[in-house]
2 protein chains.
Amino acid sequence: MTRSSESDAERPYVVWHAMTVSRAMRERHLGQRGCVIWFTGLSGCGKSTVANALEAALYARGATTFLMDGDNIRHGLCAGPDRLTDEHGTSFAERFGLGFAAMDREENIRRIGEVAILFASAGLITVAAFVSPYRRDRARIRQQVVAAGRDGDFIEVFMDTPLEICEQRDPKGLYRKARAGEIAHFTGISDPYEAPLAAEIRLDGRLRKTPEEFAAEIMHYLELQRVFSTAGS
Amino acid sequence: MTRSSESDAERPYVVWHAMTVSRAMRERHLGQRGCVIWFTGLSGCGKSTVANALEAALYARGATTFLMDGDNIRHGLCAGPDRLTDEHGTSFAERFGLGFAAMDREENIRRIGEVAILFASAGLITVAAFVSPYRRDRARIRQQVVAAGRDGDFIEVFMDTPLEICEQRDPKGLYRKARAGEIAHFTGISDPYEAPLAAEIRLDGRLRKTPEEFAAEIMHYLELQRVFSTAGS
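Remember, it's a predicted structure, so these values are computed and weren't measured experimentally.

Caption draft 1: Structural detail: the overall build of chain A. Helix and strand counts for chain A come out as ten helices and five strands. Dimensions of chain A, computed from C-alpha atoms along their principal axes, come out at roughly 75 × 50 × 30 Å. A buried classification covers 56% of the 233 residues belonging to chain A. Long-range pairs, those at least 24 residues apart, make up 72% of the contacts in chain A between residues at least 6 apart in sequence. On chain A, roughly 10,100 Å² of surface is accessible, and the fraction owed to carbon and sulfur atoms is 52%. In chain A, 30 positive and 32 negative side-chain charges are present, and the distance between their average locations comes to 3 Å.

Caption draft 2: Expanded view of the interface of chain B and chain A. Opposite the 74 residues of chain B that make contact, chain A presents 73 residues. One salt bridge connects Glu107 of chain A with Arg111 of chain B, and the closest N-O pair in it is separated by 3.6 Å. Between chain B and chain A we count 28 residue pairs in polar contact (both at pLDDT 80 or more) in total. For the side of chain B that touches chain A, the element with the highest residue contribution is helix α6 (residues 102–121) of chain B, accounting for eleven residues. Residue composition of the side of chain B that touches chain A, grouped by class: 35 nonpolar, 18 polar and 21 charged.

Caption draft 3: Molecular detail of the nonpolar core. The biggest cluster of nonpolar side chains holds 58 residues, and the ones touching the most others in it are Trp38 and Met68 of chain A together with Trp38 and Met68 of chain B. If we skip the residues at most four places from it in the chain, Trp38 of chain B touches Ile109, Ile112, Ala128, Phe130, Ser132, Arg138, Ile141, Phe154, Ile155, Glu156 and Val157 of chain B.

Caption draft 4: Spatial organisation of the sheet that holds strand β3 (residues 125–129) of chain A. All names here are of chain A. Taken in spatial order, the five strands of this open sheet run β2-β3-β1-β4-β5, and their pairing is parallel. The strands lining the two open edges of the sheet, one partner per strand, are β2 (65–69) and β5 (201–204). When strand polarity is set aside, the average angle formed by the axes of neighbouring strands in this sheet is 15°. Two strands pair when backbone bridges link them, and strand β1 (residues 35–40) and β3 are joined in this way by five bridges, in the parallel orientation. Considered in β3, the bridge of Phe39 is made with Ala129. In the packing of helix α10 (residues 211–224) onto the sheet, the strands contacted are β1, β4 (154–160) and β5, and the crossing angle to β5 comes to about 165°.

Caption draft 5: Structural view of the pattern of salt bridges. In total, this model carries 46 salt bridges over all chains according to the counting rule given. Where Arg150 of chain A meets Glu27 of chain A, a salt bridge forms, and the shortest distance between an N and an O atom there is 3.0 Å. Here Glu27 of chain A lies in helix α1 (residues 23–30) and Arg150 of chain A lies in the loop between α7 (135–148) and β4, a separation of 123 residues in the sequence. Arg150 of chain A gets classed as partly exposed once you look at its relative accessible area, which sits at 30%. A salt bridge links Arg138 of chain B to Glu156 of chain B; the shortest N-O distance between them is 2.7 Å. Of this pair, Arg138 of chain B sits in helix α7 (residues 135–148) while Glu156 of chain B sits in strand β4 (residues 154–160), and the two are 18 residues apart along the sequence.

Caption draft 6: Geometry of the side chain of Thr40 of chain A. Residue and element names in this part refer to chain A. As for its position among the elements, Thr40 is in strand β1. At 3.3 Å, the side chain of Thr40 and the backbone oxygen of Ser132 are in polar contact. Apart from the residues lying within four places of it in its own chain, the contact partners of Thr40 are Lys47, Phe130, Val131, Ser132, Arg138, Glu156, Val157, Phe158, Met159, Tyr193 and Pro196.

Caption draft 7: View of the relation of the copies chain B and chain A. Least-squares fitting of chain B to chain A yields an RMSD of 0.0 Å, with the superposition described by an axial translation of 0.0 Å and a rotation of 180°. As the rotation angle and translation indicate, the two copies are arranged about a two-fold axis. Mapped onto chain A, 99% of the interface residues of chain B are again interface residues, and the two copies thus contact each other with one and the same surface.

Caption draft 8: Representation of the pairing of strand β1 (residues 35–40) of chain B within the structure. Residues and elements named next belong to chain B. The buried fraction of β1 is high, at six of six residues. The alternating pattern of β1 places Cys35, Ile37 and Phe39 and Val36, Trp38 and Thr40 on opposite faces, both of which are buried. In this sheet, β4 lies alongside β1 in parallel orientation, the contact comprising five bridges. Among the inter-strand pairings, Phe39 is bridged to a residue of β4, identified as Val157.

Rules behind the numbers
- Residues numbered from 1 in each chain as written.
- Chains lettered and ligands numbered in written order.
- Predicted model: local features only at pLDDT ≥ 70, side-chain atom pairs only at ≥ 80, totals over all residues.
- Heavy atoms only, no water.
- Helix = DSSP H or I, 4+ residues; strand = E, 2+ residues; numbered from the N terminus.
- Buried < 20%, exposed > 50% of the residue type's maximum accessible area, 1.4 Å probe, protein only.
- Contact = heavy atoms within 4.5 Å.
- Areas by Shrake-Rupley, 256 points an atom, 1.4 Å probe, with all protein chains shown as cover.
- Lys, Arg positive; Asp, Glu negative; His and termini not counted.
- Charge placed at Lys NZ, Arg CZ, Asp CG, Glu CD.
- Salt bridge = Lys/Arg side-chain N within 4 Å of Asp/Glu carboxyl O.
- Polar contact = N/O pair within 3.5 Å; in protein donor to acceptor, adjacent residues only side chain to side chain.
- Nonpolar A, V, L, I, M, F, W, Y, C, P; charged D, E, K, R; others polar.
- Core = buried A, V, L, I, M, F, W, Y, C linked by side-chain atoms within 4.5 Å.
- Pairing = 2+ DSSP bridges.
- Axes fitted to C-alpha atoms, helices over the stretch in contact; angles between N-to-C directions.
- Least-squares fit on C-alpha atoms with pLDDT ≥ 70 in both.

Encoded structure:
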């Protein structure tokens, strides 16, 4: 507790100063560097599956991680108008709820990026898996992650699976709907996907590899980049 | 890698299934229960200072934590229109940037609550310090945190410092400005503060305790609630 001596008599309740736990302290505690591993790729390209396998590999390595994907984001932080109406009313839901218009998508990625920055600053290896089709959006997040931390904190993973294969898999039936015109602005069909020009890691989705094999490629990269400060378990 | 045997010939690229790291696994790894410790109280009541001291005590205990407060939220996830205009344009900034109108505050607290849920689900002891003046907003976050986890995951800490003391301290000069009419909707002056009726922890800000002493009260509560599954270091 710090007291300013001269005004203490008149101001019995002083302004305190408390120690802050720094990012460096958090990272030392966890034995790793906080960072963001950002998967981008078409719907159905396999990015969520590989991201899950990566998190499992990181967990086995003793790392502390978090995975952000549509499942835990779209229902909460980036909920659509429908989900917000009951609790918050119509005008609130219309303003803040996120649909699929260009501006909504931009805000969606912005919020996700900001949360990824918070997780990285908490020292976590933060895995994010989103289509994120636009170079500008990804570049912006990269720039912000680095500005909030260090060079190398943003690791872009391009899950490079050709559209034909994604559409053939169509795990959620979305391509079929998009081709039938039931979904507008669908990336790869009616909206563009801008492939990364210089991703840190490119995974070739045409290869018959398991998710674990793809994850191992990323783990190798992370070891080389000294993301872990402690020996593997 | 799971393959559906009958269609394997026609569908060489199959839908993968990868193991997911569960919340229970994250918590076992960290030796603690993820939870949200939510500080509420007037501006200048000392909540940020005590939250910082609590995080330092948790760090010393070997816990893995994150602190959310105005500093790391207002500039990013909940940025005001001004900060968004350059990057995203005026209409974007007007829609998604958060000011101090009632709806903006509601969305501010909603986003913060959703992020706190993500951190708790990552297994972190998540400390949040925001004025959060409305019972309804706090009750909503409590309900959502519990729904996403378990009873007891939301721990409300009421930093109960009388307005007179907060105003006397006025560490940021905000009360002076609010009294002069330069800040509208200022909690405690021109806007209400709804004190918690049944906070898990009430800290009496009239007592001449240090932040560390207040933090120790909370640590005692957390030990009783078995937030830590490992012995203290």
